[in-house]
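# Descriptive analysis of the structure
As a plain string of letters, each chain reads:
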Amino acid sequence: NRKVVLRGYIDRAPREDDMELVDGGDVALRVPGGAGAPTVLVKNLYLSCDPYMRGRMRDFHGSYIPPFKPGSPIEGFGVGRVIDSTHPGFSAGDCVSGMTGWEDYSLITKPEQLRKIHKSDIPLSYHLGLLGMPGFTAYVGFYEICSPKKGEFVFVSAASGAVGQIVGQLAKLHGCYVVGSAGTNQKALPSSRTHNIFQVELLKEKFGFDAAFNYKEEPDLAAALKRHFPEGIDIYFENVGGPMLDAVLLNMRIHGRIAVCGMVSQHGVTAPAGVHNLFSLVSKRIEMKGFIQSDYLHLFPQFVDDITKHYRDRKIAYVEDMSIGLKSGPAAFVGLFSGKNVGKQVVCVSQD
Ligand code: NDP
């Protein structure tokens, strides 16, 4: 049973060599017997790389989620196939999603947190993005936090990523005018692909954004936003923080809303960028609200129904970036913080 483990806690941006692939020895393909709590043995098929996991690499216990344990497999969302189970809700052969380990096989000790995936035309890995935590984040962030109205002007940062691509498309379906930013026009691609993806084009052509720009090519972000939103921004879906937030504040409209989903540019930064334009919150009566998707889990079934329907009706497109093999996990994860991913980053451990 191969495992990707965290070598030790870090206080900076993650590097590939902060994690290592180790051989965990043979695995018994049965759940251990005895009268303990029910457990489920899962063969991991797909693993999710998510920015929040970086916070679990710090020796910090004050967060909403505890740190990883050095020497133990990295934990994260995954999709797997049940090999054996003593839980009445799961049997061998079932496909499930939920918290698992970065290893070939994981013994799940809290099976009540697993979700059964009913086989369908939707690829299994999509349950880590479109129909998983990031898609759900987009759904609750947009509908519950942004209070959107038809015709409003919406800006999404990290717009081609797992969360951003869904937010932008939901906003379009809602009748909004949507602009997204992304970090490159063109990205270097995983070796399995032969053509180049133009990320800013992807936002417009594939996801139907009204406009998109590469924030790294804009010497003056506030001016770029002014160009795209001459009348100002009603809704900002915040994924990155730092200078982008400052520029957005200058371009918000009165009574605008900012949904603070994440600030990926500020992860592991020892001197976080100062935000200078916060007084705009007062002068423009802006509502700025942070949220964590897991506070809204009662909406998950409705989310799955709605997004599945949109996807089947071809009203929502989805792009994922799959790296192949457990060994590729650390590089895929680290790549999130320099924008190497095109779409939702997942790792394929096994296809069956
Ligand atoms: P993405 O798939 O968007 O991957 C991260 C992207 O962030 C990269 O592709 C890159 O895109 C961008 N990025 C990385 N570093 C920087 C930087 N220094 N400055 C600007 N952009 C940068 O990730 P997710 O969609 O999974 O997550 C998006 C955000 O949502 C994150 O902030 C995450 O923490 C947050 N989140 C919050 C949740 C909640 O419940 N509140 C739940 C899930 C996610 P680019 O090419 O554009 O630079």
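Quick caveat, the model's predicted, so the values are computed rather than measured. (Residues numbered from 1 in each chain as written. Predicted model: local features only at pLDDT ≥ 70, side-chain atom pairs only at ≥ 80, totals over all residues.)

### Some points on helix H2 (residues 162-173)
Counted only if it meets this: By definition, any uninterrupted DSSP run of H or I lasting at least four residues is a helix, any uninterrupted run of E lasting at least two residues is a strand, and each is numbered from the N terminus. In this scheme, a helix's expected span is set at 1.5 Å multiplied by one less than its residue total. Exposed residues have 12 or fewer other C-beta atoms within 10 Å of their own C-beta, buried residues have 20 or more, and residues in between are partly exposed; the C-beta atoms are placed from the backbone. By definition, residue pairs are in contact when their C-beta atoms, positioned from the backbone, come within 7 Å.
Given a rise of 1.5 Å per residue, 12 residues ought to cover 16 Å, and the 18 Å separating the end C-alpha atoms of H2 matches this to within 8%. Burial of H2 is extensive: 10 of the 12 residues sit out of reach of the surface. Every buried residue of H2 is listed here: Ala-162, Val-163, Gly-164, Gln-165, Ile-166, Val-167, Gly-168, Gln-169, Leu-170 and Ala-171. Looking at the packing, one finds that the buried side of H2 touches helix H1 (133-145), strand S8 (153-156), strand S9 (177-182), helix H3 (199-205), strand S13 (233-238) and strand S17 (344-348). A positive backbone phi angle near 90° is found at Gly-175, which sits one or two residues after H2.

### Overview of the confidence of the model for the chain
For the record, the criterion: Looking at any residue, its pLDDT shows the predictor's confidence there, from 0 to 100.
In the predicted model, the chain carries a mean pLDDT of 93, and the fraction of residues at 70 or more is 96%. A low-confidence stretch, residues 188-196 stays under pLDDT 50, and its non-local contacts, those more than four residues away or across chains, total six contacts. Our summary of model confidence lists the complex with pTM equal to 0.95 and ipTM equal to 0.99.

### Quick word on the pairing of S17
If a strand is regular, its side chains alternate between the two faces of the sheet. Note the cut-off: Pairing between two strands is assigned when DSSP locates at least 2 bridges connecting them. With strands facing away from the observer, any crossover in which the path from the first strand over the helix to the second runs clockwise is taken as right-handed.
The buried fraction of S17 amounts to four of the five residues, a majority that puts the element mostly inside the structure. Pairing of strand S3 (residues 40-48) with S17 involves three bridges; the strand directions are antiparallel. Among the inter-strand pairings, Leu-47 is bridged to a residue of S17, identified as Val-347. When strand S16 (residues 320-324) meets S17, the two strands line up parallel, connected through five bridges. Within the sheet, the bridge partner assigned to Met-322 lies in S17 and is Val-346. Assessed by its sense of winding, the connection that carries the chain from S16 through helix H8 (residues 329-335) to S17 is right-handed.

### A word on the sheet that holds strand S14 (residues 252-260)
The strands that make up a sheet pair up through hydrogen bonds in the backbone, lying either parallel or antiparallel. Note the cut-off: Inter-axis angles, ranging from 0 to 180 degrees, are taken between N-to-C directions of lines fitted to C-alpha atoms, where helices are fitted over the stretch in contact.
Taken in spatial order, the six strands line up as S12-S9-S8-S13-S14-S15 in an open sheet, and their pairing is parallel. With one partner strand each, in any of the chains shown, strand S12 (211-214) and strand S15 (287-290) form the two edges of the open sheet. With direction set aside, neighbouring strand axes in the sheet form an average angle of 15°. In terms of strand pairing, S9 meets S12 through four bridges, oriented parallel. Following the sheet pairing, Ser-181 is matched in S12 by Phe-213. Helix-sheet contacts for helix H5 (residues 243-251) involve S8, S13 and S14, and the interaxial angle to S13 is about 165°.

### A look at the site of the ligand
Operational definition: Nearness is defined per residue: the C-beta atom, placed using the backbone, must lie within 6 Å of the molecule or strand. Think of it as three bins: nonpolar holds Ala, Val, Leu, Ile, Met, Phe, Trp, Tyr, Cys and Pro, charged holds Asp, Glu, Lys and Arg, and polar takes everything else, Gly as well. Residue ranges labeled as domains rest on an automatic or database domain assignment.
Neighbouring the ligand are 29 residues, the closest being Gly-161, Gly-183, Gly-262, Ser-265 and Gly-339. Elements supplying a minimum of two residues to the shell around the ligand: H1, H2 and S17. It is H2 that contributes the most residues to the shell around the ligand, three residues altogether. The class makeup of the residues in the shell around the ligand is 15 nonpolar, 12 polar and two charged. Of the residues that make up the shell around the ligand, three or more belong to each of domain 1 (2-129 + 319-348) and domain 2 (133-294).

### What about unusual backbone geometry?
One non-glycine residue, Ala-158, lies in the positive phi region at around 45°. Locating Ala-158 in the fold gives a position in the loop between S8 and H2. Residue Ala-158 is classed as buried on the basis of its 28 C-beta neighbours within 10 Å. With a phi angle near 50°, Arg-285 is a residue other than glycine that sits in the positive phi range. Within the fold, Arg-285 resides in the loop between helix H6 (279-283) and S15.

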